[in-house]
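# Overview (structure and organization)
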Amino acid sequence: MIHYKDVLQQMDLAEAMSLLPLAGEEPQTVVKGREPDDLESICLTLSPIVEASLDKMCRMAIEELDRLGGSPVRKEPRESKAAI
């Protein structure tokens, strides 16, 4: 049985990446992230453990950009819509 997706949000990253060759696209991709410690406490804010790992993740992203010949540009944070 084939299950079709109604909307793009139903497709995860691995599935999307696996379909790219069918469209003639084969990008070189590096995915870096952090798995949650537990799934019961998922919320819209960062856990203390994830927040503590942000500097390391940023350094890893900058190192990857350097390796690819890119360079990061620091931008000022945008004002949230809630504050407007």
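Counting restarts for each chain: residues are numbered from 1 in the order of the written sequence. Residue-level local features of this predicted model are given only where pLDDT is at least 70; pairs of side-chain atoms are given and counted only at 80 or more, and the full residue set underlies all totals for whole chains, interfaces and linings. The side-chain values count all of the structure's non-hydrogen atoms but skip hydrogen atoms and water molecules.

### As for the overall build of the chain
Formally: To qualify as a helix, a DSSP run of H or I must reach at least 4 residues; to qualify as a strand, a run of E must reach at least 2; elements of each kind are numbered from the N terminus. For every residue, the accessible area obtained with a 1.4 Å probe (protein chains only) is divided by the maximum for its type, and the residue is called buried under 20%, exposed over 50%, and partly exposed between those limits.
Each helix and strand in the chain was counted, giving 3 helices and 0 strands. If you list the helices and strands of the chain from N to C, you get α-α-α. Taken across its 84 residues, the chain has 2% of its residues classed as buried.

### Here's the deal with the pattern of salt bridges
Our working definition: Criterion for a salt bridge: a side-chain nitrogen of Lys or Arg within 4 Å of a carboxyl oxygen of Asp or Glu.
Enumeration according to the criterion identifies 1 salt bridge in this entry. Between Arg67 and Glu64 there is a salt bridge; the shortest N-O distance is 2.6 Å. Linking Arg67 with Glu64, this pair stays in helix H3 (residues 54–67), spanning 3 residues, or about one helical turn. A relative accessible area of 16% means that Glu64 is categorised as buried.

### Details of the layout of surface pockets
Gaps left between atoms are located by rolling a probe of water-molecule size over the structure's atoms. Put simply, the rule reads: Buriedness of a pocket was judged along seven lines, with at least five required to meet protein on both sides within 12 Å; pockets are open sets of points on a 1 Å grid over the protein atoms alone, cavities are sets where a 1.4 Å probe fits but cannot get out, and lining residues have an atom within 4 Å of a point. Grid points are joined across faces, edges and corners, and a volume is the space filled by probe spheres set on the points. Any residue that is not Ala, Val, Leu, Ile, Met, Phe, Trp, Tyr, Cys, Pro, Asp, Glu, Lys or Arg is counted as polar, Gly included; the first ten are nonpolar and the last four charged.
Considering only enclosed or pocket space, the largest pocket measures out at about 220 Å³ in volume. Looking at the largest pocket, the residues that line it are Pro36, Asp37, Asp38, Ser41, Ile42, Cys43, Thr45, Leu46, Ser47, Ile49 and Val50. Residue composition of the lining of the largest pocket, by class: 6 nonpolar, 3 polar and 2 charged.

### Some thoughts on the confidence of the model for the chain
The condition is simple: Confidence scores labelled pLDDT are given residue by residue by the predictor and lie between 0 and 100.
Looking at the chain as a whole, its pLDDT mean stands at 80, while 83% of the residues score no less than 70. The element-level mean pLDDT for the chain is lowest in helix H1 (residues 13–19), coming to 81, with H3 highest at 90.

### What about H3?
Test applied: A helix is expected to reach a length of 1.5 Å times the quantity of its residues less one.
Taking 1.5 Å per residue as the helical rise, H3 with its 14 residues ought to reach 20 Å, and the 20 Å between its terminal C-alpha atoms agrees with that figure. Positive phi shows up at Gly69, right after H3, with a value of about 90°.

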